[in-house]
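Descriptive structure summary
Here are the chains, one letter per residue:
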Amino acid sequence: MEGNGDADRDRGSGSVEHSAAEGDGDRGRYSLVRCASQSSLDECSQRRGAGEAGEAAAGAVHAASLLHSLSRLRRDDVLCDVRLVAQAPGEAAQSAESGEAVGVCAHRAVLAACSPYFRAMFTQFDERTQAVITIQDVEPSALAAIVEYVYSPESLVMTEDSVQSLLSAASLLQVRGVRAAACSFLAAALAPDNALGIRAFADLHACADLADVADRFVKRHFVEVLESEEFLALDCDVLAALLDSDRITVPNEELVLDAVIRWMQHDPENRRCRLGALLEHVRLPLLPQDVLVARAAAEPLASAELRVKDLVIEALSFHLLRPERRAAAAAASARARPRQPPRSPKVLLVVGGQAPKAIRDVEAFHMESGRWRAAAELPTRRCRAGLAAVGARLYAIGGFNGTLRVRSVDVYDVGADAWSPGPPLCARRSTLGVAVVGNVIYAVGGFDGATGLSSAEALDVREGVWRSIASMSTRRSSVGVAALDGKLYAVGGYDGASRQCLHTVERYDPAADAWEPVAEMAARRSGAGVGVAGGALYALGGHDGPAVRRSVERYRERDGWAPAPPMTHARRNAGVASHHGRLYVAGGDDGAANLATVEVFDPATEQWSMLSSAMSVARSYAGVAVVERAA
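Residues numbered from 1 in each chain as written. Predicted model: local features only at pLDDT ≥ 70, side-chain atom pairs only at ≥ 80, totals over all residues. Heavy atoms only, no water.

Condition: UniProt positions are given in the numbering used here, feature names are shortened, and annotations may be inferred rather than shown by experiment.
Per an unreviewed UniProt entry, the recorded name for the protein is Kelch-like protein diablo, and the organism is Danaus plexippus plexippus. Of the comments in the UniProt record for the protein, the one headed Pathway (unreviewed entry) reads "Protein modification; protein ubiquitination." Taken directly from UniProt, the Function (unreviewed entry) text for the protein runs: "Probable substrate-specific adapter of an E3 ubiquitin-protein ligase complex which mediates the ubiquitination and subsequent proteasomal degradation of target proteins. May have a role in synapse differentiation and growth."

Here's what the structure looks like:
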């Protein structure tokens, strides 16, 4: 929260807030803090002093030293209490020759701390008393690499030759770091000649995110995938499911027909009988009539089974319909419906932020490849801004440039990867909240350098001019704002008067131009991330004075606020974006340092996960949005 005396603190003269992450709820572990004044609760006073920074660095050094010492003990076989022997699929277990030790030695406690698999093994099963344990269906080299990773994470080396065995072993042994690294490696290695195999491998090991990335790659690059050996080796049912998809990208349906015939001719003796079943998923009515007639008269369709002839007659009948009746026929039959390949791939953009001062840097996480890349920098430094996406344009609104709160707006053209000036706000605002309803962007609350704001304004992007709208009942800086069911919600923040973080929430109805109070959160939250997924509003993290939260609350109008699964890390001033029903929470700070990681929440499974790779710049107060990358 920004508040009175904020300008002084931006010059480094204010007090410093020291905070610790809370636990699963709001009764987690807190550190004891000393605040020079109430104003140290301000959002802008989150820089740690040299002493605390030194303590954090010492803690990191201690952790690294401890892990290094454990690794040395293992290498020297000191205090090791278990030896793991790998038995590769279809092979006998490793055996000793001339009395030499086989397998890898380790400490049960260390393995159990890293892996639920080993924790269960060493506490619940017969292996808890065995000195030598055989791990079946694991390559010896993969087992050795995973145990080495447990003690020395930087030792992990992923190659094309080792990635499959490492992913298989890590999935079995439940070592998430290796599994995530392998999935990230395979996602980055996707190509037309291996995508089908990677998709099948990901399905086999329940790597849902990798399977989804590979599936989208296959459908987007379908024409190239058809030329691969993997395509010719597909099982008939798998091929049928692929052909049935609306999302495959092809220039015309004749190419799909040719692919089916080529697949059949790869093993005609065993596959000819499956031709009719596969052609049910080819959209023959979409072929031009002359092409359809010519193909029906030629082999292999001319001598094919009765089901094939029925499909050809159905397609020819479609062409005999009057144009006005074809639309109804297409709606009634999937085979007459044009395919709808996916739009341009999505990109998670992280714009500007504080690291530790306002920055211009913009990073883009490409959902399809799982990689971060640099995007065009902001024209000027900007943090504590609002970010809104409308169509193919992204609006960076207000904020702080390192010296002043600003009214300016920068507009990013996704296709051109370029920024240009946009219409300025009516008022200077930093730590504001923004949301979009239709073609209208709303900028709510914030801090103007002197006081918190209750005012709000709106921009219809078709008109290009900001206008004032009704004010909230409460001043709110560091406020979270999101749109749910066509209405705005202003969540928590800091009012600058009571000098307390807020747990109150207001809702704005654009049709009535009026705010109204709604149910209050259970916890006070300033600098919370706010987003919408699965028809619910989420308040994520934030802080209340010295306590940085990782807890999450979820709002539904019929139920009010209720607890939701907590994030993996405590965060305040993080950016939030929604994509495919999931929430992405990027950056922020934990009270000790800025964060570069991104967490993902899936309401369908009620689970949090970490994005496979982190931003190159740890930052808080950044804007985050998901946009379509130009094809």
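Here we look at the pairing of strand S17 (residues 487-491)
Selection rule: Remark: exposure states derive from per-residue accessible area (1.4 Å probe, protein chains only) relative to the maximum for the residue type, with buried under 20%, exposed over 50%, and partly exposed in between. Counting from the N terminus, the helices are the DSSP runs of H or I reaching at least four residues and the strands are the DSSP runs of E reaching at least two. Paired strands, in this sense, are two strands between which DSSP finds at least two bridges.
Most of S17 is tucked away: four of the five residues are buried. Where strand S16 (residues 480-484) and S17 come together, five bridges link them in antiparallel fashion. Considered in S17, the bridge of Val481 is made with Ala490. Where S16 folds back onto S17 in an antiparallel hairpin, the turn is made up of two residues, including Asp485, whose phi is positive at roughly 55°. One ladder, built from four bridges, connects S17 with strand S18 (residues 505-509); its direction is antiparallel. Counted as the bridge partner of Tyr489 is Arg507 from S18.

Let's talk about the environment of Phe217
Applicable threshold: Throughout, a residue-residue contact means that at least one pair of heavy atoms, one from each residue, lies within 4.5 Å.
Structurally, the position occupied by Phe217 is in helix H9 (residues 208-220). For the pair Phe217 and Ala195, spaced 22 residues apart in sequence, the C-alpha to C-alpha distance is 7.0 Å. When near neighbours in sequence (up to four residues on either side) are disregarded, Phe217 contacts Leu190, Ala191, Pro192, Ala195 and Glu368.

A short note on helix H17 (residues 306-320)
Going by this rule: In a helix, the anticipated span is given by 1.5 Å times the number of residues less one. Here the arc refers to the directions that run from the helix axis out to each C-beta atom.
In this model, H17 (15 residues) spans 21 Å end to end at C-alpha, consistent with the 21 Å of a helix rising 1.5 Å per residue. If you check which residues of H17 are buried, you get Val308, Leu311, Val312, Ala315, Phe318 and His319. The buried residues of H17 occupy an angular sector of 115° when projected down its axis, which confines them to one face. Opposite its buried face, H17 presents the exposed residues Leu306, Ile313 and Leu320, each directed more than 90 degrees away.

Considering the pattern of salt bridges
For clarity, the cut-off: Any Lys or Arg side-chain nitrogen located within 4 Å of an Asp or Glu carboxyl oxygen qualifies as a salt bridge.
Tallied over the full model, the rule gives 31 salt bridges. What you see here is one network of salt bridges that share partners, running through Arg199, Asp215 and Lys219.

Description of the nonpolar core
Here is the rule we go by: Think of a nonpolar core as a cluster: buried Ala, Val, Leu, Ile, Met, Phe, Trp, Tyr and Cys residues, connected wherever their side-chain atoms sit within 4.5 Å. Residue ranges assigned to the domains are those given by an automatic or database domain assignment.
Within the largest apolar cluster, 81 residues are counted, with the highest numbers of intra-cluster contacts made by Leu84, Phe231 and Leu279. When residues are assigned to domains, this core turns out to be shared by domain 1 (71-88 + 102-189) and domain 2 (234-336), each giving three or more. With sequence-adjacent residues up to four places away left out, Leu279 is seen in contact with Leu257, Val260, Leu301, Val308, Leu311 and Arg335.

Points about the pairing of strand S19 (residues 514-518)
The side chains of a regular strand alternate, residue by residue, between the two faces of the sheet. Bridge count for S18 against S19 is five bridges, and the pairing is antiparallel. Across the sheet, residue Tyr508 finds its bridge partner in S19, namely Trp515. Between S18 and S19, which pair antiparallel and follow one another directly, the connecting turn spans four residues, one of which, Asp513, has a positive phi of 50°.

A few points about the sheet that holds strand S21 (residues 536-540)
The line we're drawing: As a rule, the C-alpha atoms of each element are fitted with a line to give its axis, helices using only the stretch in contact, and angles between N-to-C directions run from 0 to 180 degrees.
Taken in spatial order, the four strands make up an open sheet running S20-S21-S24-S25, and their pairing is antiparallel. Because the sheet does not close on itself, it has two edges, and the strands there are strand S20 (529-533) and strand S25 (560-564). Across the sheet, the mean angle from the axis of one strand to that of its neighbour is 25°, orientation sign disregarded.

Examining unusual backbone geometry
Apart from glycine, the bulk of residues carry a negative phi angle, and the bulk of peptide bonds sit in the trans form. Cis rather than trans, the peptide bond between Glu299 and Pro300 has omega equal to 5°. As for its position among the elements, Pro300 is in the loop between helix H16 (289-297) and H17. Residue Pro356 is reached from Ala355 by a cis peptide bond, and omega for that bond is -10°. You can see Pro356 is positioned in the loop between strand S5 (346-351) and strand S6 (362-366).

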